[in-house]
Every structure is written in C-alpha cells, then in structure tokens.
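# Structural description and commentary
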Amino acid sequence: MNNRFIQACRQQPVDATPVWFMRQAGRYMSAYRKIRAKHSLLDICRAPELAVEVTLQPVDAIAVDAAILFSDLLLPLVPMGIPFDFQQGEGPVIHEPIRSTAHIKQLHKFDPREDLAHVMETIKLLASPLRGRVPLIGFAGAPFTLASYAIEGGSSRNYAHTKALMYEHPKAWHQLADLFASIVSDYLSAQIEAGVQAVQLFDSWVGALSPQDYSEFALPHTRKIFENLSKHDVPTLHFGTGTSTLLPLMRQAGGNVIGLDWRIPLNHGWTLVGYDRSVQGNLDPTMLLGPTERMLQGALDVLRRANGRSGHIFNVGHGILPNTPLEHVQLLADFVHKQTE
Ligand code: CP3
C-alpha cells in the first residue's frame, strides 16, 4: 500500500511528497465524459458501480497518492429536507431556498447509513480495487458552505442572503449551522465506519467571511465536527479558499491538515497554520491549463517553499478545471514525485 498520503497527514517522513488533486475525477477526463454522456451527475453519485468506476479513473490514469470518493457535497441536503437538482450549465438549483426561521425548524437529521446507503456501498465496493494501492478520502461540506447553498438557492457571488440571515436572525443561523454540524459529523463517521482512511471537510466559500464573522458564525460549528471526529483514528483535512486571513482560526476549528489556496505563498500560509500541522495545496489550478513550463515552475516554487518539511501534501488550491489537459495533470504528478524522491 502506498501510504505516503496518510504519513504526510500525520507529519511522518515520506519517500516522496504525496500528490492528489481536488476534482481529480470529472469532466477534464474523457473516460468521465463518456459515462456522463449516459448518466446525470446525481445518477452517477447514486449508482455505486458507476461511482466506483469514476473514483478509480484518475487512480488508473495519474500517479496520485490518494483516491477521493466520487460523490457530491450537496447529497445530504435532500434527506434533511432540502431538495435540489443540477441544471445544465447552471450548477445546483435548490428548489425552495431556506430564508426563514419557520423553514429552518422543518429541517431534520437523518441516518446516513440508510438515507445515503449508496455512499457507504460505494466506499465498501472500493475496498477491493484500492487494496494495496492508495488510501480513500471521504468528504463532506462544512456548515457555512452547505448553509450558503441552502440559503442562496445555488452558487453565489456575495452571499447576501446568507449574511442577512446571520445578522438579522443569529439564533436561527446558529440553529441551522448546528444542525449541519450534527449531520456532517454523523455522515463522516458513517463514511469512516464504511472504510475511508481520511476525511476532508470542504468549506469552499468560507473566505467570504471576515475573521470576526468566521469566529462568531462558522468556527464553533466547524469545531464541533472535528471534535466529534476525534474519536476515530483517521486523519482529517480542512479546506477552504480565500482564507488567507482565516488560517489561524481554521487551525483553531480543527484538522490535521489545513488547505492553502494560491492566494498565499505556501511558506506564509504554513507559518499562519503552525508547523505542528500539515498543509495541503497550493498551486493555482489555472496553471494546469498550460504552458507546462510555467506549470512546472509553479510546482517547483510550491516545493521550495515547503522546503522538505514533513507534512506537505501537494494539490491544487481549488478543483481541477474542466478544460485541463489530462497529460498536464499526469506530467505534474510525476514531476512532484521526481523532485522530492
Ligand atoms: O474528484 C473529486 O474531487 C470527487 C468528486 C467531487 C464532486 N463534487 C463531483 C462533482 C467533489 C469532492 C465535489 C465537492 C463539491 N461539490 C464541492 C466542494 C469542492 C469545491 O469545488 O469547492 C462543491 C462546492 C460542490 C457543489 C457542486 N457540484 C457545484 C457547485 C457543481 C457545479 C459546478 C461545476 O463544476 O459544474 C457541482 C458539480 C460536480 N460535482 C461536478 C463533479 C465532477 C461537475 C461535473 C458534471 O456535471 O458532471
């Protein structure tokens, strides 16, 4: 078993810097597009055999040191009472965005082992094809990012509805965020019981908050999730973007590994996180579009700033873009390994 990803999460010495990519499965791969031509995104997520196949595609094609479960961040919304769909070219659309205290009161917990049994089944089915290869990462969304989709009704530029709810009805916000924290804790525990070897909490859009608002409205709920997960013996990763001013607070909230996007040089970010934690990132995903010389220079800069310290996981600062050439991703993974062997 190639265990360098788990070793780096635990700040243990590694034989080469581990690499994986957020959104390593997806539209940039023709193998994925072939399956997508016949099935919707949600159909793939809900059909374990298809989700297994898509999870393995990047593991077969690229020298990645971890697999990430193929699923979507928004799946838990449906069983808690927030139906949504993905609409062509628009991303997720939540049918009835959450805008009132009364609506929040109608939302409820659920049993992920039953209501998201297909996710657990996918994890169990992956055990055999991944055996002796790479560890599997499970994931879920953090309360702020999940709540922002539920409240905005989809993707957003300024999170005005989300912030309006926080500022006008702080009690209702905390009730909603606490519900998300309970649901996500249970969902990630279920993934761990099903067999994932690490879990990543995606707080993709939390950089929209000031440090003061992060401390008041996000941190306590995210911290609850990491506290709940501490009973399991698996590494935890905590990811966000636009978080340069939030890193010390994200550290407080928890996670063995803290994600760094490209807006902060890796060594500056690591100083803010603290060298007693691991970091993951931080190449700008647009660099993978080319030219490849510049992409490799960017990777080299990240590696120089990591300076051979234990606890660096190479990744992009946010997901791989759909028009990225697969050959660039392959070249990049091989390059990082060769440079650090
Ligand atoms: O390879 C992997 O990283 C695993 C699969 C994965 C998906 N979604 C599949 C997916 C993961 C980890 C996610 C997480 C996710 N989903 C996040 C957090 C990560 C991030 O990027 O910050 C978020 C915010 C979502 C919600 C979501 N899913 C949006 C906003 C969209 C539409 C935007 C887009 O890129 O089209 C999706 C769609 C989605 N989820 C795709 C994939 C591969 C797009 C592909 C498709 O339509 O087939």
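Okay, so let's go over this structure. Being a predicted model, the structure only gives us computed values, none of them experimental. Residue positions are given per chain, counting from 1 as you read along its sequence in written order. Side-chain atom pairs in this predicted model are given and counted only at pLDDT of 80 or more, local residue features only at pLDDT of at least 70, and totals for whole chains, interfaces and linings cover all residues. To get the side-chain values, all heavy atoms of the structure are used, and hydrogens and water are removed first.

### Examining the site of the ligand
We apply this condition: Nearness is defined per residue: one heavy atom within 4 Å of the molecule or strand is enough. Residues adjacent in sequence count toward polar contacts only when both atoms are side-chain atoms; beyond that, a polar contact is any pair of N or O atoms within 3.5 Å, and within protein one must be able to donate a hydrogen and the other to accept it. Here the open area of atoms and residues is found with the Shrake-Rupley method and a 1.4 Å probe, where only the protein chains shown may cover a residue. Lining residues are those with an atom within 4 Å of a point, where the points come from a 1 Å grid over the protein atoms alone and group into cavities, where a 1.4 Å probe fits but cannot get out, or pockets, open sets with protein on both sides within 12 Å along at least five of seven lines. Whether a molecule lies in a cavity or pocket depends on its atoms, and more than half of them have to be within 2 Å of the grid points. Secondary structure elements follow DSSP: runs of H or I of four or more residues count as helices, runs of E of two or more count as strands, with numbering from the N terminus. Ten residue types, Ala, Val, Leu, Ile, Met, Phe, Trp, Tyr, Cys and Pro, are classed as nonpolar, four, Asp, Glu, Lys and Arg, as charged, and the remainder, Gly among them, as polar.
In the vicinity of the ligand there are 23 residues, among which Arg27, Tyr32, Arg36, Ser204 and His318 approach most closely. Interatomic distance of 3.0 Å between a backbone N/O atom of Ala25 and an oxygen atom of the ligand. Separating an oxygen atom of the ligand from a side-chain N or O atom of Ser204 is a distance of 2.5 Å. In the complex, the protein chains occlude 89% of the 870 Å² of accessible area that the ligand would expose alone. Judged by the proximity of its atoms to the pocket grid, the ligand belongs to the largest pocket. Residue assignment for the shell around the ligand shows that the elements contributing at least two residues are α2 (30-36) and β3 (91-94). Here the shell around the ligand is composed, by residue class, of 14 nonpolar, five polar and four charged.

### Concerning the nonpolar core
Applied cut-off: Nonpolar cores were defined as sets of buried Ala, Val, Leu, Ile, Met, Phe, Trp, Tyr and Cys residues, with membership established by side-chain atoms within 4.5 Å. Categorising residues by exposure relies on relative accessible area from a 1.4 Å probe, with only protein chains included: less than 20% of the type maximum marks a residue as buried, more than 50% marks it as exposed, and the intermediate range marks it as partly exposed. The contact definition used throughout considers only heavy atoms, calling two residues in contact when any of these lie within 4.5 Å.
Ranked by internal contacts, the top residues of the largest apolar core, which has 124 residues, are Phe5, Phe21, Tyr214, Phe314 and Leu332. The greatest single-element share of this core, amounting to 14 residues, is contributed by helix α10 (residues 170-194). Each residue touching Phe5, except ones within four places of it in the same chain, is listed here: Pro18, Trp20, Asp65, Ala66, Pro135, Ile137, Ala198, Leu237, Gln280 and Ile313.

### Here we look at the side chain of Thr122
Within the secondary structure, Thr122 is located in helix α7 (residues 117-130). When neighbours within four sequence positions are excluded, Thr122 is seen to be in contact with Pro48, Ala51, Val52 and Leu69.

### With respect to the environment of Asn323
Position of Asn323 relative to the elements: it lies in the loop between β9 (312-316) and α15 (326-340). Residue class for Asn323 comes out exposed when judged on its relative accessible area of 57%. Along the primary structure Asn323 and Thr236 are separated by 87 residues, whereas in three dimensions their C-alpha atoms are 30 Å apart.

### Some remarks on the environment of Met166
Assignment of secondary structure puts Met166 in helix α9 (residues 160-168). Residue Met166 is classed as buried on the basis of its relative accessible area, which comes to 0%. Setting aside residues up to four positions removed in sequence, Met166 forms contacts with Phe144, Trp173, Leu209 and Phe217.

### Quick notes on the packing of aromatic side chains
To keep it simple, the criterion reads: Here a pair means two rings of Phe, Tyr or Trp (six-membered ring of Trp) with centres within 6.5 Å. Their orientation is stacked below 30 degrees between planes, edge-to-face above 60, and tilted elsewhere. Lysine and arginine charges are scored as sitting over a ring when NZ or CZ, respectively, is within 6 Å of the ring centre and within 35 degrees of the ring normal.
According to the stated counting rule, one finds eight aromatic pairs in the structure shown. Summarising the aromatic geometry, the rings of Phe144 and Tyr159 are spaced 6.0 Å apart at their centres and angled 50° between planes, so their arrangement reads as tilted. Within this pair, whereas Phe144 is found in helix α8 (residues 143-152), its partner Tyr159 is found in the loop between α8 and α9, the two being separated by 15 residues in sequence. Connected via pairs of aromatic rings, a cluster forms that spans Phe139, Phe202 and Phe239. Geometry around Tyr275 places Arg309 over its ring, the cationic atom sitting 3.5 Å from the centre.

### What to know about the pattern of salt bridges
Here is the rule we go by: The term salt bridge refers to a pairing of a side-chain nitrogen on Lys or Arg with a carboxyl oxygen on Asp or Glu at a separation within 4 Å.
By the definition in use, this model includes 10 salt bridges. Between Asp276 and Arg251 there is a salt bridge, and its shortest N-O distance comes to 2.7 Å. Pair noted here: Asp276 is in the loop between α13 (266-273) and β8 (278-283) and Arg251 is in helix α12 (residues 247-253), with a separation of 25 residues, a long-range link. Here Asp301 makes a salt bridge to Arg305, at a shortest N to O gap of 3.0 Å. Separated by four residues within a single helix, Asp301 and Arg305 lie in helix α14 (residues 292-306), roughly one turn from each other. Take Arg305: its relative accessible area is 29%, and that puts it in the partly exposed class. Connected through shared salt-bridge partners, Asp111, Arg113, Asp186 and Glu193 make up one network.

### Focus on the side chain of Thr243
By secondary structure assignment, the location of Thr243 is in the loop between β6 (236-240) and α12. The contacts of Thr243, once residues within four sequence positions are left out, are Val206, Met250, Gly259 and Asp261.

### Considerations on the pairing of strand β7 (residues 257-260)
Note the following rule: A pair of strands counts as paired when DSSP detects no fewer than two bridges linking them. A clockwise path from the first strand over the helix to the second, with the strands pointing away from the viewer, defines a right-handed crossover.
Along β7, one buried face is formed by Val257 and Gly259 and the opposite face, lined by Ile258 and Leu260, is buried too. Strand direction decides the pairing type here: β6 and β7, joined by two bridges, are parallel. Bridge pairing in β7 links Leu237 to Val257. Sheet topology places β7 next to β8; four bridges connect them, and they run parallel. Of the residues in β8, the one forming a bridge with Leu260 is Gly281. Taking the sense of rotation as the criterion, the β-α-β connection linking β7, α13 and β8 turns out right-handed.

### Focus: α13
Selection rule: This arc describes the spread of directions from the helix axis toward the C-beta atoms.
The set of residues buried in α13 consists of Leu266, Gly269, Trp270 and Val273. The buried residues of α13 occupy an angular sector of 100° when the element is viewed end-on, so they sit on one face. Gly274, located one to two residues past α13, shows a positive phi value of around 105°.

### Re the packing of helix α4 (residues 48-61) against α7
As a reminder of what qualifies: As a rule, the C-alpha atoms of each element are fitted with a line to give its axis, helices using only the stretch in contact, and angles between N-to-C directions run from 0 to 180 degrees. Any angle from 65 to 115 degrees is called roughly perpendicular, while one under 35 is roughly parallel, one over 145 is roughly antiparallel, and all others are oblique. With the far helix as reference, a near helix turned anticlockwise by less than a right angle produces a left-handed crossing, and one turned clockwise produces a right-handed crossing.
Here α4 crosses α7 at 45°, and the two axes come no closer than 9 Å. As the angle between them shows, α4 and α7 are arranged oblique. Here α4 runs over α7; the crossing is right-handed. Mapping the contact onto sequence places Pro48, Glu49, Ala51, Val52, Thr55, Leu56 and Val59 in α4 and His118, Glu121, Thr122, Leu125, Leu126, Pro129 and Leu130 in α7. Taken together, the residues of the contact of α4 with α7 sort by class into nine nonpolar, three polar and two charged.

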